Amino acid sequence: MIEVKDIKKKFGRKKVLDGVSFTANKGEITCLIGINGVGKTTILNAIMALTPLNKGEILINGEKLNKHSFEKVTFIPDAITMLPQMTIADAMQFMQDFYKTWNQERATELLGFFRLEETEKIASLSKGNTAKINLLLGLALDVDFLLMDEPFSGIDIFSREQIAEVFTSHLVEGRGVIITTHEVHDIEHLIDKVVLLDNGVVLKEFNSEEVRENEGKSVVDVMREVYHK
Ligand SMILES: Nc1ncnc2c1ncn2[C@@H]1O[C@H](COP(=O)(O)OP(=O)(O)OP(=O)(O)O)[C@@H](O)[C@H]1O
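Residues numbered from 1 in each chain as written. Predicted model: local features only at pLDDT ≥ 70, side-chain atom pairs only at ≥ 80, totals over all residues.

- Looking up the chain in an unreviewed UniProt entry gives the name ABC-2 type transport system ATP-binding protein, with the organism given as Virgibacillus subterraneus.

1. Some words on the overall build of the chain
Stage number 1. Along the chain, the regular secondary structure elements total seven helices and ten strands.
Stage number 2. A compact globule built from 229 residues should have a C-alpha radius of gyration of about 17 Å, and the chain, at 18 Å, falls within 12% of that.
Stage number 3. On the principal axes, the C-alpha backbone points of the chain span a range of 50 × 40 × 30 Å.
Stage number 4. Per-residue burial over the chain gives 32% buried out of 229 residues.
Stage number 5. Relative to all contacts within the chain whose residues are 6 or more apart in sequence, the contacts with residues 24 or more apart total 73%. (Helix = DSSP H or I, 4+ residues; strand = E, 2+ residues; numbered from the N terminus. Rg over C-alpha atoms; globule rule 2.2 N^0.38 Å. Buried ≥ 20, exposed ≤ 12 C-beta atoms within 10 Å, placed from the backbone. Contact = placed C-beta atoms within 7 Å.)

2. Side note on the sheet that holds strand β4 (residues 55-60)
Stage number 1. Spatial strand order, β2-β1-β4-β5: four strands in an open sheet with antiparallel pairing. Of all the strands in the sheet, just β2 (14-24) and β5 (63-64) have a single pairing partner and so form its edges.
Stage number 2. Where strand β1 (residues 2-11) lies against β2, eight bridges are found, and the strand directions are antiparallel. In the strand pairing of β2, F11 is matched with K14.
Stage number 3. With respect to the sheet, helix α1 (residues 40-47) is in contact with β1, β2 and β4, its orientation differing from that of β1 by roughly 120°. (Pairing = 2+ DSSP bridges. Axes fitted to C-alpha atoms, helices over the stretch in contact; angles between N-to-C directions.)

3. Focus on the site of the ligand
Stage number 1. Near the ligand, the surroundings consist of F11, V16, G34, N36, G37, V38, G39, K40, T41, T42 and H182.
Stage number 2. Residue contributions to the shell around the ligand peak at three residues, all from α1.
Stage number 3. A breakdown of the residues in the shell around the ligand according to their chemical character gives three nonpolar, seven polar and one charged. (Near = placed C-beta within 6 Å. Nonpolar A, V, L, I, M, F, W, Y, C, P; charged D, E, K, R; others polar.)

4. Topic: the packing of helix α4 (residues 127-139) against helix α5 (residues 157-167)
The angle between the axes and the distance between the axes are what describe a pair of packed helices.
Stage number 1. Put simply, α4 and α5 touch, their axes get as near as 10 Å, and they point 15° apart. In terms of axis orientation, α4 runs roughly parallel to α5. The handedness of the crossing between α4 and α5 is right-handed. Of α5, the residues touching α4 (which contributes G128, A131, K132 and L135) are S159, I163 and V166.
Stage number 2. Considering only residue class, the contact of α4 with α5 consists of four nonpolar, two polar and one charged. (Parallel < 35°, antiparallel > 145°, perpendicular 65-115°, else oblique. Left-handed = near helix turned anticlockwise from the far one by under 90°.)

5. Observations regarding the UniProt feature "domain: ABC transporter" (unreviewed entry) in the chain
Stage number 1. Residues given the UniProt feature "domain: ABC transporter" (unreviewed entry) here are residues 2-224.
Stage number 2. Note that residues 2-224 is 30% helix and 28% strand, and that its end C-alpha atoms are spaced 27 Å apart. (UniProt positions renumbered as here; feature names shortened; annotations may be inferred.)

6. Notes on the sheet that holds strand β8 (residues 176-181)
Stage number 1. Read across the open sheet, the six strands follow the order β6-β7-β8-β3-β9-β10; overall the sheet is mixed. Lying at the two open borders of the sheet, with one neighbouring strand each, are β6 (73-76) and β10 (201-207). Each adjacent strand pair in this sheet contributes to an overall mean axis angle of 15°, direction not counted.
Stage number 2. Here five bridges tie strand β3 (residues 29-33) to β8, and the two strands are oriented parallel to one another. Looking across to β8, one finds that C31 is bridged to I179.
Stage number 3. Here α4 sits on the sheet in contact with β6 and β7 (145-149), set at roughly 170° to β6.

7. Brief notes about the environment of L111
Stage number 1. Its location among the elements puts L111 in helix α3 (residues 104-113).
Stage number 2. A C-alpha to C-alpha distance of 30 Å links L111 and K67, two positions 44 residues apart in sequence.
Stage number 3. Not counting the four nearest positions on each side in its chain, L111 is found in contact with L116, E118 and L136.

Shown next as structure tokens:
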């Protein structure tokens, strides 16, 4: 489990996170929802220890962040970090050289799943295929948790559908995923847990299936209630 406990973050005098707490379980997809600039990426950066916090703590499987946290959690950014002149095969080799958690078998399976060719250059990939490669490079690591910043943003419907499919496949099963979005419509059916953010705090944290069953409400219904109060 990832436990985010009362984290606070200021950039200069600007308070971005003002006591954010939530949990994300293994085997579930947790979605951080909030408008642009609410601090979603800052939260993911904090979980990866990429940004120092002013207050609060983050535990992964009960342990404070430490140098071994990176064997448990990985961050899939919204832009590709590989060099444009690399081929997909080069990028995969690079990951294999750097991460002992790299799982080549899963990487090969993901290539097939996304119907991508190893010989293709990073520079020549479409936006949708770039997003898929980004995802492949993260999902091929044997880690418990995956953090994804806006994995569906700016890509066409067919790529979005293919990416959504991977979330419901064995390639993600059993792992914990935290995704951020400001647009929930397309992915509502994938999400187990929702964390609604505004003004540096969590307005509501809920299990989407429970709310659907017990109250007959969709994630969007709950968002309307919470944000338009
Ligand atoms: N390194 C930084 N220095 C100063 N301000 C920053 C820095 N990083 C983020 N911010 C500010 O903190 C706020 C939260 O940014 P963040 O990127 O976490 O938001 P977000 O919810 O992910 O937004 P988006 O949906 O646009 O990606 C924004 O106002 C941003 O300008």
